[in-house]
Amino acid sequence: RGRPAAMEAREPLRDVRGALRAVLARLREGEPGEGREPFELPRFWDALGQTFQVTSQEATKLSLAFSRPPLPSAEDCRKLSEDVQNAILAVATVYYWLPKGQGTTLRKMVRDVTTEVVEGMIQLTDTILNAPVESLSQEQLISTGGVWEACEQVSNLPRDNQAAVVSALAACLGVVKDAVEEMEQALVEGQDPYGDIMEDEELGFRGNRDTYWSEADRQLLSSCMGLMKASKACLKKVLAAVKAHGKADSPEQIAQLDDLADIANEISPSVDELALSMYPPVNPLAVRLNAAKLASVLKKVLEITKASHVCPPLEEDWVQFLTGAVDHNMNKVKNFTQGQL
């Protein structure tokens, strides 16, 4: 019996949900304008922090209003809905202040968190609209907590593009470290599982190449491991250089850091592709192609590093050394696969 009135009261929430979905679509696809001039980072962070805080509070108010009887009147619901919508529009507006010139790496990280806040709020309105009765459901608690968590992330965001690139490179390094360890483990465990069984007398040989590495495979794979380790060393060194020398004071420095982050992002997928092709049965040509792809990404990372402000003369030695290591391992891969071409 109370249902129609309850539906009625929630009507404004439906409109809000539609409006929030439109904001989300724009955030996902959108390149905002160039921000407003003059742009000041500290002011931006203050404003963003405030809008996230207000959003968190509005989520709490909305959730409480629908957590126990009596349900809010249509008028109250309209007011609550309006406040939620204004809070989210403010979040998006402040995000749009951040110009591309501050760094695309930074912008992407801020956009990801902003998007999560909007998604969280859509999820919360969904939960309330779908709740059958005037009681606080488990889903509603979870959704409200989700908005709070998303809003709290603003305090962990890197404050400029140098910090953003440090965090991006550290993430890449973590993934590559894991891949290298996994591969080393596989090579240790991957001794020929049938090595202790005599050769099959009828066949004269064991035909099961699918489950083990031959001696030739192992030679090839050791050079591939060399490339994978060079990837790890490369990211470690670049990360240290960006921490020590990276600056985000001029458009040129900011752009150089973005270029570094963009190319470093290609290392981990290239390492993964190479690792996948290293499992038996080994196709030497596939290994060679994937090794060449990784080698070229690494050389590009080293070139971009060397040409940028994060590489003062003292850093050039390791750039040279790692370039040599990449070439050396790639040449060995080429030699081992020469007969396959």
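Predicted model only: the values in this text are computed from it and were never measured.

Undergrad: Honestly, the nonpolar core in this entry has me stumped. Any pointers?
TA: Nonpolar side chains tend to gather and get buried jointly when the protein is soluble and globular. Counting 52 residues, the largest nonpolar core has M228, V242 and I267 as the members making the most contacts within it. Secondary structure elements with two or more residues in this core: helix 6 (161-189), helix 7 (215-245), helix 8 (251-264), helix 9 (267-278), helix 10 (284-306) and helix 11 (316-337). With 13 residues, helix 7 is the largest single contributor of residues to this core. Contacts of I267, omitting those with residues within four sequence positions, involve V176, S231, L235, L294, V297, L298 and V301. Counting 47 residues, the second largest nonpolar core, distinct from the first, contains A59, L71, I128 and C151.

Undergrad: Looking at this model, I keep getting lost on unusual backbone geometry. Mind explaining?
TA: The bulk of non-glycine residues show a negative phi, and the bulk of peptide bonds are trans. A cis geometry characterises the amide bond from P69 onward to P70, with omega recorded as -5 degrees. Tracing the sequence through the fold places P70 in the loop between helix 2 (41-65) and helix 3 (74-97). Cis geometry is found at the peptide bond from P280 to P281, where omega equals -5 degrees. Tracing the backbone shows P281 in the loop between helix 9 and helix 10.

Undergrad: Hey, could you run me through the packing of aromatic side chains in this one?
TA: Where two aromatic rings form a pair, the distance of their centres and the angle of their planes describe that pair. Per the counting criterion, the structure on display carries 4 aromatic pairs. Ring geometry for Y95 versus Y96: centroids 5.4 Å apart, planes at 50 degrees, classification tilted. The pair Y95 / Y96 is uniform in exposure class, with both members buried. The residue whose ring lies beneath R159 is W45, and the NZ or CZ to ring-centre distance is 4.2 Å.

Undergrad: Which parts of the structure should I look at to understand the side chain of S270?
TA: Topologically, S270 is positioned in helix 9. A relative accessible area of 3% places S270 in the buried class. Here S270 is in contact with K293, L294 and V297, once residues within four sequence places are set aside.

Undergrad: Where do I start with the environment of R14 in this structure?
TA: Summarising the element assignment, R14 is placed in helix 1 (residues 3-29). For R14, a relative accessible area of 27% puts it in the partly exposed group. In this structure the C-alpha to C-alpha distance between R14 and T125, which are 111 residues apart in sequence, comes to 7.9 Å.

Undergrad: Teacher, can you tell me more about the pattern of salt bridges here?
TA: Throughout the structure, instances matching the rule amount to 10 salt bridges. E119 is the salt-bridge partner of R28, the closest N and O atoms lying 2.5 Å from each other. Of this pair, R28 sits in helix 1 while E119 sits in helix 4 (residues 104-130); the two residues are 91 residues apart in sequence, bridging distant segments of the chain. With relative accessibility at 31%, the residue E119 sits in the partly exposed group. When the shortest N-O distance is used, the salt bridge between K108 and D112 registers 2.9 Å. In this pair, K108 and D112 are both assigned in helix 4, 4 residues apart and thus about one turn of the helix distant. Connected via shared salt-bridge partners are R17, R21 and D126.

Undergrad: Just checking my understanding: could you explain the packing of helix 4 against helix 5 (residues 138-152) for this structure?
TA: Geometrically, a packed helix pair is captured by the angle between its two axes and the distance between the axes. Contact geometry of helix 4 with helix 5 gives a least axis separation of 8 Å together with a crossing angle of 165 degrees. By the angle between their directions, the pair helix 4 and helix 5 is classed as roughly antiparallel. By crossing handedness, the relation of helix 4 to helix 5 is classed as left-handed. Residues V113, E116, V117, G120, M121, Q123, L124, T127 and I128 of helix 4 touch helix 5, and the partners they reach there are E139, Q140, S143, T144, V147, A150 and C151. A class-by-class count of the residues in the contact of helix 4 with helix 5 yields 8 nonpolar, 6 polar and 2 charged.

Undergrad: Would you explain helix 5 in this entry?
TA: Each turn of an α-helix holds 3.6 residues, which means side chains three or four residues apart point in the same direction. Across its 15 residues, helix 5 extends 21 Å between first and last C-alpha, which sits within 8% of the 21 Å expected from 1.5 Å per residue. On the buried face of helix 5, the contacting elements are helix 2 and helix 4.

Undergrad: Any chance you could explain the environment of H309 here in plain terms?
TA: Looking at the secondary structure, you find H309 in the loop between helix 10 and helix 11. Here the alpha-carbon distance between H309 and E252, two residues 57 residues apart in the chain, equals 9.1 Å. For H309, the residues in contact, after removing those within four places along its chain, are H245, G246, K247, Q253, Q256 and L257.

Undergrad: What is the right way to read the packing of helix 6 against helix 7 from this model?
TA: Following both chains from N to C, one finds helix 6 and helix 7 inclined at 160 degrees, their axes separated by 9 Å at the closest point. On the basis of their axis angle, the class for helix 6 and helix 7 is roughly antiparallel. Every pair of crossing elements has a handedness; the one defined by helix 6 and helix 7 is left-handed. Looking at the contact of helix 6 with helix 7 residue by residue, the classes come out as 18 nonpolar, 2 polar and 7 charged.

Undergrad: Quick question: what am I supposed to make of the environment of L289 here?
TA: Within the secondary structure, L289 is located in helix 10. Classification of L289 as exposed rests on a relative accessible area of 63%. C-alpha of L289 to C-alpha of E273: the two residues are 16 residues apart in sequence and 9.9 Å apart in space.

Scoring rules and cut-offs
Residues numbered from 1 in each chain as written. Predicted model: local features only at pLDDT ≥ 70, side-chain atom pairs only at ≥ 80, totals over all residues. Heavy atoms only, no water. Core = buried A, V, L, I, M, F, W, Y, C linked by side-chain atoms within 4.5 Å. Buried < 20%, exposed > 50% of the residue type's maximum accessible area, 1.4 Å probe, protein only. Helix = DSSP H or I, 4+ residues; strand = E, 2+ residues; numbered from the N terminus. Contact = heavy atoms within 4.5 Å. Phe/Tyr/Trp six-rings, centres within 6.5 Å; stacked < 30°, edge-to-face > 60°. Lys NZ or Arg CZ within 6 Å of the ring centre and 35° of its normal. Salt bridge = Lys/Arg side-chain N within 4 Å of Asp/Glu carboxyl O. Axes fitted to C-alpha atoms, helices over the stretch in contact; angles between N-to-C directions. Parallel < 35°, antiparallel > 145°, perpendicular 65-115°, else oblique. Left-handed = near helix turned anticlockwise from the far one by under 90°. Nonpolar A, V, L, I, M, F, W, Y, C, P; charged D, E, K, R; others polar. Expected span 1.5 Å × (residues − 1).

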